Amino acid sequence: QKHDGVAAKGNPNTRTIEILQKMADYYSKTADNWRTIAYRKAIAALRRQPTRISTKAQALAIPGIGDRLADKIEEIVSTDRLRRLENTDVTPEDKALQLFLGVYGAGFAQASKWIAKGYRSLEDLKTKADLSTNQQIGVDHYYDFQQRIPRDEVSMHGKAVRDAVLAVDPSMEVMVAGSYRRGAADCGDIDVLITKAKGTIESIRALMLDHVVPRLVKQGFLKTSLAVTSRDDGSKWHGASALPDKDVWRRIDLLFVPGDEIGAALLYFTGNDIFNRSMRLLARKKGLCLNQRGLYKDILRGPDQVKTTNGSLLEGRDEKRIFAILGVPWRPPEHRVC
Ligand code: DCP
Ligand code: MG
Ligand code: MN
């Protein structure tokens, strides 16, 4: 579901990219990282081609496209479809797996359990399965959450959050990150980063959970809370939101960030995930550590590579300086698609 970056509009390979994208989405949902990366690389390479690629030989000549993908590209161009995506050679279990992986919060393990119990449709889940509250929401709003969100609607959700946050504390900052910040024409969800230059994580989390979220719920904008995860001390609130004049529910993520981590958090939350992975790997090769809180040096690792100390902070506030310290030329968000 990464349709962003340099827009494919006017690109001679738009249709091929579209179909490869569906495959990449499928593999990313089944947690098949290698295939996901291979497909995304091929998509990025195709986006850069000035001419239409229609034969296997043409595809093979492009760095980053291997034999099997070249076959697939030829098939897509000559038939305008990809057999693997059609239902014909896909078993009912495969189809159900694809369907169930689209339920919010359901991973591979959960989807497989449902299949083992003989469920094959959303109707089966609704009528026969013992669903958790969140799974119930995921099933009830299945088609809402599957839809891409047009960019201007993402802006409006961002504005609703910003207005509510600023009404509670005008010194807060609200930024829409994720694929939106990368310039995507449509997004899978809405990722909003909420921070305050002098704020601690405790104060921001309290302000959000005690005041802003209840306010947005009361207003009817936030429809439900799905999960609150705490990792590395930062907090992410998952939920659903809807605009006043629309029935469709959208997935929204709110990331609460203390002031001294703004730069690192923005870098993390802008992605994409593969770009993040490559930046973190690069940091590690230089003996540093990059995470969503900051860029650190002097991390001590035990024999099992597990961190024994947190090291000392090099930069957390300034996104551009993180690039500079890593020796990576600044990349605007639109170009952070791998
Ligand atoms: N992220 C990450 N690793 C993950 C998941 C997320 O680094 N496993 C970071 C990079 C993502 C950002 O968080 O860009 C937001 O995550 P999303 O899942 O919302 O992904 P995007 O916003 O990039 O794409 P989409 O349009 O599908 O929401
Ligand atoms: Mg997103
Ligand atoms: Mn998200």
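The structure contained in this document is the topic of the report that follows.

Cut-off values and rules
Residues numbered from 1 in each chain as written. Chains lettered and ligands numbered in written order. Predicted model: local features only at pLDDT ≥ 70, side-chain atom pairs only at ≥ 80, totals over all residues. Heavy atoms only, no water. Helix = DSSP H or I, 4+ residues; strand = E, 2+ residues; numbered from the N terminus. Rg over C-alpha atoms; globule rule 2.2 N^0.38 Å. Buried < 20%, exposed > 50% of the residue type's maximum accessible area, 1.4 Å probe, protein only. Contact = heavy atoms within 4.5 Å. Areas by Shrake-Rupley, 256 points an atom, 1.4 Å probe, with all protein chains shown as cover. Lys, Arg positive; Asp, Glu negative; His and termini not counted. Charge placed at Lys NZ, Arg CZ, Asp CG, Glu CD. Donors = N, O, S within 2.8 Å, 3.2 Å for Na, K, Ca; no water. Pairing = 2+ DSSP bridges. Axes fitted to C-alpha atoms, helices over the stretch in contact; angles between N-to-C directions. Polar contact = N/O pair within 3.5 Å; in protein donor to acceptor, adjacent residues only side chain to side chain. Near = heavy atom within 4 Å. Nonpolar A, V, L, I, M, F, W, Y, C, P; charged D, E, K, R; others polar. Phe/Tyr/Trp six-rings, centres within 6.5 Å; stacked < 30°, edge-to-face > 60°. Lys NZ or Arg CZ within 6 Å of the ring centre and 35° of its normal. Arc of directions from axis to C-beta.

**Thoughts on the overall build of the chain**
Here is step 1 of the chain: Along the backbone of the chain there are 15 helices and 10 strands.
Here is step 2 of the chain: Taking 338 residues into account, the globule formula puts the C-alpha radius of gyration at 20 Å, and the chain, at 22 Å, falls close to it.
Here is step 3 of the chain: Counting only C-alpha atoms and orienting by the principal axes, one finds that the chain spans roughly 60 × 55 × 45 Å.
Here is step 4 of the chain: The proportion of buried residues among the 338 residues of the chain is 48%.
Here is step 5 of the chain: Contacts in the chain between residues at least 24 apart in sequence constitute 55% of all its contacts with a sequence separation of at least 6.
Here is step 6 of the chain: By element, 52% of the accessible surface of the chain is carried by carbon and sulfur atoms, the whole surface being about 16700 Å².
Here is step 7 of the chain: Averaging the positions of the 54 positive and the 42 negative side-chain charges in the chain gives two centres separated by 3 Å.

**Quick word on the coordination of the magnesium ion (ligand 2)**
Here is step 1 of the chain: Taken together, the protein ligands of the magnesium ion (ligand 2) are D189 (OD) and D191 (OD), with distances of 1.9 to 2.0 Å.
Here is step 2 of the chain: Here the magnesium ion (ligand 2) and the manganese ion (ligand 3) are spaced 3.5 Å apart, with D189 acting as a shared donor. The same class applies to D189 and to D191, which are both buried.

**Let's talk about the sheet that holds strand 9 (residues 295-297)**
Here is step 1 of the chain: Spatially, three strands are ordered 8-9-10 in an open sheet, and the strand pairing comes out antiparallel. Two strands lie at the open edges of the sheet, namely strand 8 (289-290) and strand 10 (312-315), each paired on one side alone.
Here is step 2 of the chain: Here strand 9 runs beside strand 10; their pairing, made up of three bridges, is antiparallel. Pairing of K297 across the sheet is with S312, part of strand 10.
Here is step 3 of the chain: Contacts from helix 15 (residues 319-326) reach strand 8, strand 9 and strand 10, with the element oriented near 105° to strand 10.

**Structural notes on the side chain of D253**
Here is step 1 of the chain: Tracing the chain through its elements places D253 in strand 7 (residues 250-258).
Here is step 2 of the chain: At 2.8 Å, the side chain of D253 forms a polar contact with the side chain of R251.

**With respect to unusual backbone geometry**
Here is step 1 of the chain: Note the cis peptide between G271 and N272, where omega equals 0°.
Here is step 2 of the chain: Checked against the element boundaries, N272 lands in the loop between helix 13 (262-270) and helix 14 (273-285).

**Some details on the coordination of the manganese ion (ligand 3)**
When four donors bind a metal tetrahedrally, each ideal donor-metal-donor angle is 109.5 degrees, and when six bind octahedrally, the ideal angles are 90 or 180 degrees.
Here is step 1 of the chain: At this site the manganese ion (ligand 3) is bound by D189 (OD), D191 (OD) and D253 (OD), with donor distances of 2.0 to 2.4 Å.
Here is step 2 of the chain: In the primary sequence, the donor residues of the manganese ion (ligand 3) line up as D-x1-D-x61-D.

**Considering the site of ligand 1**
Here is step 1 of the chain: The immediate surroundings of ligand 1 are formed by 17 residues, with S179, G188, D189, D191 and N276 found nearest.
Here is step 2 of the chain: One of the side-chain nitrogen or oxygen atoms of D191 is found 2.9 Å away from an oxygen atom of ligand 1.
Here is step 3 of the chain: A distance of 3.5 Å separates an oxygen atom of ligand 1 from a polar backbone atom of T270.
Here is step 4 of the chain: With three residues, helix 13 is the single largest residue contributor to the shell around ligand 1.
Here is step 5 of the chain: Across the shell around ligand 1, the residue classes tally to three nonpolar, eight polar and six charged.

**Comments concerning the packing of aromatic side chains**
Here is step 1 of the chain: Scanning the entire structure with this criterion turns up five aromatic pairs.
Here is step 2 of the chain: Ring centres of Y268 and F269 lie 6.0 Å apart, and the angle between their planes is 15°; this geometry places the pair in the stacked category.
Here is step 3 of the chain: Classification of Y268 as buried rests on a relative accessible area of 18%.
Here is step 4 of the chain: Exposure remark for F269: the relative accessible area of 7% places this residue in the buried category.
Here is step 5 of the chain: The rings of F275, F323 and W330 are connected pair by pair, giving a single aromatic cluster.
Here is step 6 of the chain: Looking at K320, its charged tip hangs above the ring of W330, at a distance of 4.7 Å from the centre.
Here is step 7 of the chain: Directly above the aromatic system of W330 lies the positively charged group of R336, at a separation of 5.0 Å from the ring centroid.

**Here we look at helix 6 (residues 108-116)**
Here is step 1 of the chain: What helix 6 keeps buried is the set A111, W114 and I115. Seen end-on, helix 6 carries its buried residues on one side only, within an arc spanning 100°. Along helix 6, exposed side chains directed more than 90 degrees from the buried face belong to A109, K113 and A116.
Here is step 2 of the chain: Just beyond helix 6, the residue with positive phi is G118, at close to 95°.

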